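# Coordinates in review
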Number of protein chains: 2
Amino acid sequence: MKGNVIVGQSGGPTAVINSSLAGVIKAAQNNGIEKIYGMHHGIEGFLKEDIIDIADYIQSPSDLSLLKRTPSAFLGSCRYKLPKIEGNEDVYDKMFEIMDKYNIEYFLYIGGNDSMDTIKMLSDYAAKKGKSQKFMGVPKTIDNDLPLTDHTPGYGSAAKYIATSMKEIIRDNESFGASKPTVCIVEIMGRHAGWLTAAAALSKSSDCEGPDLIYLPEVPFDVNDFMKRVKELAATKSSVVIAVSEGVKLADGRFVCELSASSSDYVDAFGHKQLSGTAAYLTNLVTQETGLKSRAIEFSTLQRCATHLASRADVDEAYDVGYVACQSAINGDTGMMVIIQVTSREPYLVNYNKYDIHEIANVEWKIPHDWIINDGTYVSNKYLEYARPLIIGTILPYYASGLPKHLTLKNKKR
Amino acid sequence: MKGNVIVGQSGGPTAVINSSLAGVIKAAQNNGIEKIYGMHHGIEGFLKEDIIDIADYIQSPSDLSLLKRTPSAFLGSCRYKLPKIEGNEDVYDKMFEIMDKYNIEYFLYIGGNDSMDTIKMLSDYAAKKGKSQKFMGVPKTIDNDLPLTDHTPGYGSAAKYIATSMKEIIRDNESFGASKPTVCIVEIMGRHAGWLTAAAALSKSSDCEGPDLIYLPEVPFDVNDFMKRVKELAATKSSVVIAVSEGVKLADGRFVCELSASSSDYVDAFGHKQLSGTAAYLTNLVTQETGLKSRAIEFSTLQRCATHLASRADVDEAYDVGYVACQSAINGDTGMMVIIQVTSREPYLVNYNKYDIHEIANVEWKIPHDWIINDGTYVSNKYLEYARPLIIGTILPYYASGLPKHLTLKNKKR
């Protein structure tokens, strides 16, 4: 008897995090694993032995297909950082006791860099104590800031959502401005890395001029230079559209959104401050200084949960990295994360590989500086060539009464 | 010789306003009209003789199909109120001179209640002066606040966008909250009528519990009662999601968003104050008073331009009202707006009719009071039965490089 599989989801959800879950489940099924368990709310739930039996919810291939079309973390997510091993061995011992109790041999965790830390700690502890369990990381983050993998599942769909919505917003903004320009500032997620904001550039095509300016967190933000550029644009164009990362910072290190009166003080369990209000602050500034109509748009969580607009390539890759991670664990790998290697961008061809989790956990990958052009206000063709294949293809939702159907934990099957 | 057709688009764009344009064009073509003109930026452009020849941009049936899949006003829109006839006869005389110059006999205007005023004024002036031109209104508004028509083209697609996005947001919000509830407040357009905000209720289904509370502008907003309800919900649920109209007002008549420090003072040409920040204000209040994580989401212009998620029924009806309006003008009707009559909701069957524009212009239709339940915090099944057929069906975009293709004025064909 091989032992059972447990899988958890962690951090901010994506449009395709459940596709990775579907891949893990399929690999476990194909290997004849007896029990496939899910952590309810990730490692936080696991510590409370809040564990579900996947077979209670997912029985047929059509359940798996619907799971792939369901946004957000089907199992529930968490933002929970394990304590360091030294001085907290009781926490780790308890986790291995729970694994023994459920005969869990393969531990899969779907998450971003904070979450990969969990795989690192658990595999380190297992090595130290001579435990047999295997721990594999499944990459997931809309932020695309994991190192070593060409890109991360979740990014392609978020980029497709951002580029599609930018195109629609630009068309909307262009429709006015007969007598007076309208300035629209779109705030996009990405605390330290500008990958998501850069995706706004993908909207540029023969039928869309794309945003006029793109501000990334990789470049210090200069409010005066920003206002100068907005005024110049408004003098020649009836529609000005600007993409700005929620994470843009002044040269002195303060977030631009902290300048706003309505800035939030909320800090999450990973110690991250909640960022919001950058676009609202800048649009108020534009209207005050120019009298022009301006509008702030925040994509907010929509950019990470709009599975109705998921990228086919992304859904497939998310599924594959889940499958490969589970298969690798069963084959004996541990302490690694699956990575995507792109062997050709056109035609688009990928391979999957595995990499030591110690090189990945807590490391952030940002946009290369030579991909950022126009004094830090746009991205180059190198970025476009990199990102274009990631948004190709569409996976249609299953519709009921005009709305996409989802699979949820509220519909237990047995 | 019959004379030519001119068509304009006015007010806030919708996902299907171009489908109405396609219907007008098709009817004109089918009647052998020689020239089909477009007003560039509506009546505001027309007054400056900024007129385009539709044939320069739209030549084949596939152009019309792409036009139906293009968001926002293809011809450009405006917010421009004609002056009253008395004392401004020169303005009206000039407009009829332009019509004579282009041999325009049929004048179609696609818009909402403010825009229907234009049709009323022009048809009144024509009657007074014995002019032969015919003026017909084509209904359009995401707000669904036009009277006499069962509903207005543009509403169904906005409702589908809102319900789909609400479902995705609710799933996203549910994924957290293992240890502490998360409160998400979604701000939805609708200055005086709650039709759009009510559409959040459509997300409620076997796989989604829907929003917990829905606040409409038809009901005075009580901040204390709101906080009491949020605290009660947060005591029993890990995810609280609330839909709130941008137009909710306190009992004293102030907009809730005016309580926010970042409230905008911008006022548009129709005298409407720009509303924004209601959700941001309320989430800050929730976090201050409860310490809970809260998140504000504004659908902003996305709800009126997300053609990638348009409702099939809405696209078809928008096309039909455009077609019927143009055909009616050619048949000799004037001073009327086309209306949709629903003869059966299940199966869903519609008729088109025409109605005197004087009964429509500047009148706002709101949600009936007996459709609002739970002390003004939800909508009843009567609303759901009314709205469900309007979001049925999907019309797929034409994709290029992973993004929906659009038809634009920047791609002149000859």
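Below, the structure is looked at part by part. (Residues numbered from 1 in each chain as written. Chains lettered and ligands numbered in written order. Predicted model: local features only at pLDDT ≥ 70, side-chain atom pairs only at ≥ 80, totals over all residues. Heavy atoms only, no water.)

## A word on the relation of the copies chain A and chain B
As a reminder of what qualifies: Residues below a pLDDT of 70 in either copy are left out; the C-alpha atoms of the rest, at least 70 in both, set the least-squares superposition of the copies. Contact definition: two residues touch when any of their heavy atoms are within 4.5 Å.
The transformation that overlays chain A on chain B combines an axial shift of 0.0 Å with a rotation of 180 degrees, and the residual RMSD is 0.0 Å. Classification of the inter-copy transformation places it as that of a two-fold axis. In this assembly, 100% of the residues forming the interface of chain A have copies in chain B that are likewise at the interface, indicating an isologous arrangement.

## A look at the interface of chain A and chain B
Often the size quoted for an interface is simply the accessible area lost on bringing the parts together. As a reminder of what qualifies: Buried area is calculated as the accessible area (1.4 Å probe) missing from two parts once they are joined, with the contributions of both summed. What counts as a salt bridge is simple: a side-chain nitrogen of Lys or Arg found within 4 Å of a carboxyl oxygen of Asp or Glu. Polar contact criterion, stated in full: a pair of N or O atoms within 3.5 Å, where within protein one must be able to donate a hydrogen and the other to accept it, and residues adjacent in sequence count only if both atoms are side-chain atoms. Secondary structure elements follow DSSP: runs of H or I no shorter than four residues count as helices, runs of E no shorter than two count as strands, and numbering proceeds from the N terminus.
With 74 residues of chain A at the contact, the number on the chain B side is 74 residues. Of the roughly 6100 Å² buried between chain A and chain B on both sides combined, carbon and sulfur atoms contribute 54%. Where Arg304(B) meets Asp172(A), a salt bridge forms, and the shortest distance between an N and an O atom there is 2.7 Å. Taken together, chain A and chain B are joined by 25 residue pairs in polar contact (both at pLDDT 80 or more). Here the element with the most residues in the side of chain A that touches chain B is helix H6 (residues 155-174) of chain A; it accounts for 11 residues.

## Topic: the sheet that holds strand S7 (residues 213-215) of chain A
Residues and elements named next belong to chain A. As a reminder, the rule being used: Pairing between strands requires that DSSP locate at least two bridges from one strand to the other. Lines fitted to C-alpha atoms define the axes here, with helix axes fitted over just the stretch in contact, and angles between the N-to-C directions of these axes take values from 0 to 180 degrees.
Reading across the sheet, the four strands line up as S7-S8-S6-S9 and stay open at both edges, with parallel pairing between neighbours. Here the strands that pair on one side only, and so sit at the sheet edges, are S7 and strand S9 (293-298). Taken pair by pair, the neighbouring strands of this sheet meet at an average axis angle of 15 degrees, ignoring direction. Strand direction decides the pairing type here: strand S6 (residues 182-188) and S9, joined by six bridges, are parallel. In the strand pairing of S9, Glu187 is matched with Glu298. On top of the sheet, helix H9 (residues 278-290) reaches S6, strand S8 (239-245) and S9; it is set at about 175 degrees to S9, its chief contact.

## Focus: the environment of Val16(B)
Residues and elements named next belong to chain B. Rule in force here: When accessible area is computed with a 1.4 Å probe and restricted to protein chains, residues below 20% of their type maximum are described as buried, those above 50% as exposed, and intermediate ones as partly exposed.
In this structure, Val16 sits in the loop between strand S1 (4-9) and helix H1 (17-30). Judged by relative accessible area, which is 1%, Val16 ranks as buried. Sequence separation between Val16 and Ser157 is 141 residues; the distance between their C-alpha atoms is 7.5 Å. Not counting the four nearest positions on each side in its chain, Val16 is found in contact with Pro153, Gly154, Ser157, Ala310, Asp314, Val315 and Ala318.

## A short note on the pattern of salt bridges
All names here are of chain A. Using the criterion set out here, one finds 46 salt bridges over all chains in the structure. The shortest N-O distance in the salt bridge between Lys129 and Glu89 comes to 3.1 Å. Within this pair, whereas Lys129 is found in helix H5 (residues 113-129), its partner Glu89 is found in helix H4 (residues 89-101), the two being separated by 40 residues in sequence. In this structure Lys129 comes out as partly exposed when scored by relative accessible area, which is 39%. Here Arg229 makes a salt bridge to Asp375, at a shortest N to O gap of 3.2 Å. Of this pair, Arg229 sits in helix H8 (residues 223-236) while Asp375 is found in the loop between strand S12 (372-373) and strand S13 (378-379), placing the two residues 146 residues apart along the sequence. The class of Arg229 is buried, set by a relative accessible area of 17%. With a relative accessible area of 67%, Asp375 lands in the exposed category.

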